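Breakdown of the fold
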Amino acid sequence: MPSTPKKVAAPAVAQVLSSALAAEVFTPDYWQDACKHLVKKDRVMKRLIPQFGNACLQTRGDAFTTLARSIVGQQISVKSAQSVWTRLTALPSSMTPANVLKLKVDDMRAAGLSARKVEYLVDLALNFDAGSVHVKAWEEMPDEDIIAELIAIRGIGRWTAEMFLIFHLMRPNVLPLDDVGLIKGISDNYFSGDPVSRSDAREVAAAWAPYCSVATWYIWRSLDPLPVAA
C-alpha cells in the first residue's frame with residue numbers, strides 16, 4: 001500500500017515538488033480565462049484574485065525528478081528535504097531513473113534517506129525505467145487515469161498525485177480535498193473559521209469548475225502570500 005505523505009499547504013508544497021535542475025519555467029495558458037471565470041462566479045475569488053496581481057502557477061523540471069523530490073520530502077521539514085535532496089543529487093551524474101537504479105543503497109542512506117524512502121525511490125525508478133507509467137501519453141489522459149498510474153507506485157498516495165497534477169502537469173480542474181491547506185483556506189474564507197467537511201468544500205468548489213486548481217492556488221495564497229511554483 002502506498003504511504004500517505006504529510007499534507008502541507010503552500011509554500012512547502014512548492015518547495016517539495018520543485019526541481020532544482022530546471023532552467024525553463026512554464027505558466028498555464030488558461031490562467032487568465034480561469035481568473036475571469038472565478039471572479040464572475042465566486043465572491044471570495046472576486047476579492048482574492050486582484051490581491052496577487054499577475055502572479056500565477058508555474059511549473060518546471062521533468063516528471064521523474066519532480067516525483068523523486070516529493071518522495072524525499074515526505075514527513076520532514078522543507079529545510080531537511082532540501083539538504084537530503086542536495087546530497088542525493090550529488091551522487092549520480094544526472095537524476096534519471098537509470099542512474100538512480102545504479103546507486104548503492106548505502107550511499108543513498110548516507111545522503112539522508114530512510115530505508116523506506118530508498119525503497120520508494122527505487123520503485124519509482126523501476127516504474128519509469130520499465131515504462132509502467134505512460135509519461136508521453138499523460139497529456140491526453142484523464143486526471144483519474146494518471147492518478148491511478150501514480151498511486152500504483154510505492155510511496156505515492158492520492159495527495160501527492162493530485163499535487164503533481166496541479167504543479168507539474170498544470171491540470172486546471174483538480175480539487176485536492178485531502179489537503180489541509182485547502183480545507184483551512186475554505187474555512188477561513190467562506191465559513192468564518194468554522195469547521196469544514198469534504199461535502200462543504202465540494203459545495204464551495206462547485207462554482208470554481210472547471211478551474212478548481214486555480215481557485216485552490218488562490219486559497220493557498222490567502223494563507224501564505226509567497227508565490228507558489230513547482
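Residues numbered from 1 in each chain as written. Predicted model: local features only at pLDDT ≥ 70, side-chain atom pairs only at ≥ 80, totals over all residues. Heavy atoms only, no water.

Quick notes on the confidence of the model for the protein
Applicable threshold: You can read pLDDT as the predictor saying how much it trusts each residue, on a scale of 0 to 100. Between two residues, a contact is recorded if the distance between any of their heavy atoms is within 4.5 Å.
When the pLDDT values of the protein are averaged, the result is 87; 86% of them are 70 or greater. Confidence drops under pLDDT 50 across residues 1-23; counting only partners more than four residues distant or on other chains, this segment forms 61 contacts.

Looking at the pattern of salt bridges
Pairing of side chains with opposite charge becomes possible as their charged atoms draw close. For the record, the criterion: Any Lys or Arg side-chain nitrogen found within 4 Å of a carboxyl oxygen on Asp or Glu counts as a salt bridge. Secondary structure counts use DSSP, requiring at least four H or I residues in a row for a helix and at least two E residues in a row for a strand, with both numbered from the N terminus. Only protein chains enter the accessibility calculation, which uses a 1.4 Å probe; a residue is then buried when its area is under 20% of its type maximum, exposed when over 50%, and partly exposed in between.
All told, the structure shown has 6 salt bridges when counted by the stated rule. Across the salt bridge formed by Glu119 and Arg154, the nearest N and O atoms sit 3.0 Å from each other. Here Glu119 is found in helix 8 (residues 115-130), whereas its partner Arg154 is found in the loop between helix 9 (143-151) and helix 10 (158-167), with 35 residues between them in sequence. According to the relative accessible area criterion, Glu119 is partly exposed, its value standing at 38%. Arg154 gets classed as partly exposed once you look at its relative accessible area, which sits at 39%. A salt bridge links Glu162 to Arg158; the nearest nitrogen and oxygen atoms lie 2.9 Å apart. Of the two residues, Glu162 and Arg158 both sit in helix 10, 4 residues apart, roughly one turn of that helix. Overlapping salt bridges bring together Glu144, Arg158 and Glu162 as one network.

Topic: the side chain of Asn127
To keep things clear, this is the line we draw: Side-chain atoms alone can form a polar contact between residues adjacent in sequence; in general such a contact is a pair of N or O atoms within 3.5 Å, and within protein one must be able to donate a hydrogen while the other accepts it.
You can see Asn127 is positioned in helix 8. A residue is classified by how much of its surface remains accessible, and Asn127, at 15% relative accessible area, is buried. In this structure the side chain of Asn127 is engaged in a polar contact, spanning 2.8 Å, whose partner is the backbone oxygen of Asp123. When sequence neighbours within four positions are dropped, the list of residues in contact with Asn127 reads Ser132, Val133 and Ile153.

Notes on the environment of Ile183
Looking at where Ile183 falls in the secondary structure, it is placed in helix 11 (residues 180-190). Those residues in contact with Ile183 that sit more than four places away from it in its chain are Leu177, Val196 and Ala201.

Let's talk about the environment of Ser114
As for its position among the elements, Ser114 is in the loop between helix 7 (105-110) and helix 8. We classify Ser114 as partly exposed; its relative accessible area is 33%. For the pair Ser114 and Val72, spaced 42 residues apart in sequence, the C-alpha to C-alpha distance is 9.1 Å. From its side chain, Ser114 meets the backbone nitrogen of Lys117 in a polar contact 3.1 Å long.

Things to note about helix 8
Counted only if it meets this: How far a helix is expected to stretch is found by multiplying one less than its residue total by 1.5 Å.
The end-to-end C-alpha distance of helix 8 is 22 Å, a good match for the 22 Å that 16 residues give at a rise of 1.5 Å each. Looking at helix 8, one finds that the buried residues are Lys117, Val118, Tyr120, Leu121, Asp123, Leu124, Ala125, Asn127 and Phe128. Where helix 8 is buried, its residues touch helix 4 (63-72), helix 5 (78-89), helix 6 (97-102) and helix 7.

A look at the packing of aromatic side chains
The condition that has to hold: Pairing of aromatic rings covers Phe, Tyr and the six-membered ring of Trp, with a centre-to-centre limit of 6.5 Å; geometry is then stacked below 30 degrees between planes, edge-to-face above 60, and tilted otherwise.
Applying the stated criterion across every chain yields a total of 10 aromatic pairs. When the centroid spacing of 6.3 Å and the interplanar angle of 55 degrees are considered together, the rings of Tyr190 and Trp208 count as tilted. Of this pair, Tyr190 sits in helix 11 while Trp208 sits in the loop between helix 12 (198-205) and helix 13 (212-223), and the two are 18 residues apart along the sequence. These aromatic residues form a ring-pair network of at least three members: Trp31, Phe52, Trp217 and Tyr218.

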